[in-house]
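Survey of secondary and tertiary structure
As a plain string of letters, each chain reads:
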Amino acid sequence: MKRSVKLATAVAGAVVIGGTLAAGPVIAAADDGPGASGGTASQSAQPGPRHQAGPQQGGPGPGQGMGQGMGQGMEKRQGGQGMRDGSCLAADAVTAEPGTLTEEQKKNLAWAAEEEKLAHDLYTAFGEKYDAGVFDRIAASETNHLEAVRTLLGRYDVADPTTGKAAGEFTDKTIQATYDRLLAQGEKNEDGALKAGVTVETDDIKALTEAIPALGDAPDAQQVYENLLTGSERHLAAFNRWLG
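Figured I'd write up the structure that's included with this text. (Residues numbered from 1 in each chain as written. Predicted model: local features only at pLDDT ≥ 70, side-chain atom pairs only at ≥ 80, totals over all residues. Heavy atoms only, no water.)

Some remarks on the overall build of the protein chain
Within the protein chain one finds eight helices and zero strands. If you list the helices and strands of the protein chain from N to C, you get α-α-α-α-α-α-α-α. Counting every position in the protein chain, which comprises 244 residues, the buried fraction comes to 53%. Put simply, of all contacts in the protein chain between residues at least 6 apart along the chain, 86% involve residues at least 24 apart. As displayed, the protein chain has an accessible area near 10300 Å², and 52% of this comes from carbon and sulfur atoms. (Helix = DSSP H or I, 4+ residues; strand = E, 2+ residues; numbered from the N terminus. Buried < 20%, exposed > 50% of the residue type's maximum accessible area, 1.4 Å probe, protein only. Contact = heavy atoms within 4.5 Å. Areas by Shrake-Rupley, 256 points an atom, 1.4 Å probe, with all protein chains shown as cover.)

Brief notes about the nonpolar core
Counting 49 residues, the largest nonpolar core has Leu122, Tyr123, Val134, Phe135 and Tyr225 as its most contacted members. Counting only elements with at least two residues in this core, the list comes to α4 (103-129), α5 (134-155), α6 (173-188), α7 (190-211) and α8 (219-243). Once residues within four sequence positions are removed from consideration, Tyr123 is found in contact with Phe135, Ile138, Ala139, Glu142, Gly197, Val200, Glu201 and Phe239. (Core = buried A, V, L, I, M, F, W, Y, C linked by side-chain atoms within 4.5 Å.)

Thoughts on the packing of aromatic side chains
Taken as a whole and assessed by the stated rule, the structure comprises four aromatic pairs. An angle of 65 degrees between the planes, with centres 5.5 Å apart, marks the rings of Phe126 and Phe135 as edge-to-face. In this pair, the class of Phe126 matches that of Phe135, namely buried. Judged by centre distance (5.2 Å) and plane angle (50 degrees), the ring pair of Phe170 and Tyr179 falls under tilted. Each member of the pair, Phe170 as well as Tyr179, is classed as buried. (Phe/Tyr/Trp six-rings, centres within 6.5 Å; stacked < 30°, edge-to-face > 60°.)

Description of the packing of α4 against α8
Two numbers describe how α4 lies on α8: the axes approach to 13 Å, and their chain directions differ by 25 degrees. When the interaxial angle is binned, α4 and α8 end up roughly parallel. Crossing angle aside, the handedness with which α4 passes α8 is left-handed. Along its contact with α4, which presents Asn108, Leu109, Ala112, Glu116 and Tyr123, the element α8 presents Tyr225, Leu228 and Phe239. When grouped by side-chain class, the residues that make up the contact of α4 with α8 number six nonpolar, one polar and one charged. (Axes fitted to C-alpha atoms, helices over the stretch in contact; angles between N-to-C directions. Parallel < 35°, antiparallel > 145°, perpendicular 65-115°, else oblique. Left-handed = near helix turned anticlockwise from the far one by under 90°. Nonpolar A, V, L, I, M, F, W, Y, C, P; charged D, E, K, R; others polar.)

Quick word on the packing of α5 against α8
The geometry of a pair of packed helices is captured by two quantities: the angle between their axes and the separation between those axes. Following both chains from N to C, one finds α5 and α8 inclined at 165 degrees, their axes separated by 11 Å at the closest point. When the interaxial angle is binned, α5 and α8 end up roughly antiparallel. Pair α5 / α8 crosses with left-handed handedness. Where α5 approaches α8, its residues Val134, Phe135, Arg137, Ile138, Ser141, Glu142, His145, Ala148, Val149, Leu152 and Arg155 are matched on the opposing element by Asp220, Ala221, Val224, Leu228, Gly231, His235, Ala238, Phe239 and Trp242. Broken down by class, the residue content of the contact of α5 with α8 amounts to 12 nonpolar, four polar and four charged.

Points about the pattern of salt bridges
Close approach of charged atoms allows side chains with opposite charge to pair. Counted according to the given criterion, the structure contains five salt bridges. One salt bridge in this structure joins Asp121 and Lys117, with 2.6 Å as the shortest N-O distance. Of the two residues, Asp121 and Lys117 are both situated in helix α4; the distance of four residues between them amounts to about one turn of the helix. Each member of the pair, Asp121 as well as Lys117, is classed as buried. Arg150 is the salt-bridge partner of Asp160, the closest N and O atoms lying 3.0 Å from each other. Placement of the pair is Asp160 in the loop between α5 and α6 and Arg150 in helix α5, with a sequence separation of 10 residues. Among the residues examined, Asp160 registers a relative accessible area of 9% and is labelled buried. On the accessibility criterion, Arg150 (1% relative accessible area) is buried. (Salt bridge = Lys/Arg side-chain N within 4 Å of Asp/Glu carboxyl O.)

Next comes the structure, spelled out in structure tokens:
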């Protein structure tokens, strides 16, 4: 039986600031790709308190997420390790200083938490149904991403809309409808599931690209959003590669 990556809900702000990703990156074998056995390199990722703060290991530093995401197009097309399996480097630790967010930006932050949960829950469901290991690995990455967003929710005193929600359950009705639609699409066949992943990551890239320029007064939020953008670009490349 395939091992799935489960998401444990946590109260916003319960994580240790600056140490949300102490568990490290989720890295799969360099030769993994379509046709390989699923889930062999996916590590357990349970959101919750972390016990160690420190610099990122091997990932971009503050403000470098966009540079890495946009400046490695050729590497992506050539199938670098992160692009091949969809895993992310340790790029989600919140090391930048807090600032100020507008009320609209706080609402967007709450939306980002639900969006990361949507991706996690969707990919976990597909990972249980199909042998494509890309789903398990990216679900683990989405868990790390949600932890980073939860750190921001705590810093800016924003209620976590994912608290107490079971897999596939969301506070925002639009996100709930999107999840239900993409889950139904992916349950038909593996290609449908991979295409659902493409839809999620494409939408996330658009939303993050639009949000980042206005976050100059909140360096930590800008850092997290840039890292989420880099992650979505990696995930999108991985899904497209599996689609062939």
